[in-house]
Amino acid sequence: MGSSESVEMYLEAIVELDAQSKSVRSVDIAHYLGVTKPSVSRAMTNLKAAGLILQEPYGRVTLTEKGRTEADRVHGLHHM
């Protein structure tokens, strides 16, 4: 992923969608952020490689412990 802002944007989207008690899928993230599905697919590949998410094939996206820690950090920065 190009920037930490991008990572933060996707992590926040996953947290927000999860908080709405939705099963978070790539298509949900695309809709939530207003981006294309291929963009989300590339981002998910990068987030997986960074150890921040787990993703079932064509399925649910969940944060790893590392991803949750990073998302909490990002969320804290945005709400100070």
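Conventions used here
Residues numbered from 1 in each chain as written. Predicted model: local features only at pLDDT ≥ 70, side-chain atom pairs only at ≥ 80, totals over all residues. Heavy atoms only, no water. Helix = DSSP H or I, 4+ residues; strand = E, 2+ residues; numbered from the N terminus. Buried < 20%, exposed > 50% of the residue type's maximum accessible area, 1.4 Å probe, protein only. Contact = heavy atoms within 4.5 Å. 1 Å grid on protein atoms, 1.4 Å probe; cavity = no way out; pocket = protein on both sides within 12 Å on 5 of 7 lines; lining within 4 Å. Points joined across faces, edges and corners; volume = space filled by probe spheres on them. Nonpolar A, V, L, I, M, F, W, Y, C, P; charged D, E, K, R; others polar. pLDDT = per-residue confidence, 0-100. Axes fitted to C-alpha atoms, helices over the stretch in contact; angles between N-to-C directions. Left-handed = near helix turned anticlockwise from the far one by under 90°. Expected span 1.5 Å × (residues − 1). Arc of directions from axis to C-beta.

Asks: Before we go on, may I ask you to explain the overall build of the chain in this structure?
Replies: Per the secondary structure count, the chain includes four helices and two strands. Mapped in sequence order, the helices and strands of the chain form the string α-α-α-β-β-α. Looking at the chain as a whole, 34% of its 80 residues are labelled buried. Taking all contacts inside the chain whose residues are at least 6 apart in sequence as the whole, residues at least 24 apart take part in 48%.

Asks: In this structure, what is going on with the layout of surface pockets? I would like to understand it.
Replies: Remark: the empty space left among the atoms is shown by a probe the size of a water molecule rolled over them. Looking at the largest pocket, its volume works out to about 260 Å³. Lining of the largest pocket is provided by 13 residues; of these, Ser26, Gln55, Pro57, Tyr58 and Gly59 occupy positions nearest its centre. Looking at the lining of the largest pocket, the elements with two or more residues in it are helix 2 (26–33) and helix 3 (37–49). No other element matches the five residues that helix 3 contributes to the lining of the largest pocket. Its residues placed into classes, the lining of the largest pocket shows four nonpolar, five polar and four charged.

Asks: Explain the side chain of aspartate 28 here, please?
Replies: Considering the arrangement of structural elements, one finds aspartate 28 in helix 2. Dropping the residues within four chain positions of it, aspartate 28 is found in contact with Leu17 and Ser23.

Asks: Explanation requested: the confidence of the model for the chain in the structure shown.
Replies: Caution applies to low-pLDDT parts of the model: their predicted coordinates are not meant to be read in detail. Per-residue pLDDT for the chain averages 87, and the proportion of residues at 70 or more is 88%. Here helix 4 (residues 65–78) stands out as the least confident element of the chain, with mean pLDDT 84; strand 1 (residues 53–55) is the most confident, with 95.

Asks: Is there a simple way to think about the packing of helix 2 against helix 3 in this case?
Replies: At a minimum axis distance of 9 Å, the contact between helix 2 and helix 3 shows a crossing angle of 115 degrees. In this structure, the crossing between helix 2 and helix 3 has a hand that is right-handed. Seen from helix 2, the contacting residues are Ser26, Val27, Ile29 and Ala30; seen from helix 3, they are Lys37, Val40 and Met44. When its residues are assigned to classes, the contact of helix 2 with helix 3 shows five nonpolar, one polar and one charged.

Asks: Is there a simple way to think about helix 3 in this case?
Replies: Every α-helix carries 3.6 residues per turn, so stepping three or four residues along brings you back to the same face. Here helix 3 is 13 residues long and its end C-alpha atoms lie 18 Å apart, about the 18 Å a rise of 1.5 Å per residue gives. Of the residues making up helix 3, those classed as buried are Val40, Ala43, Met44 and Leu47. The arc enclosing the buried residues of helix 3, seen along the axis, measures out at 105 degrees, which places them on a common side. Facing away from the buried side of helix 3, by more than 90 degrees, are the exposed residues Arg42 and Ala49. A positive phi of about 75 degrees marks glycine 51, the residue just after helix 3.

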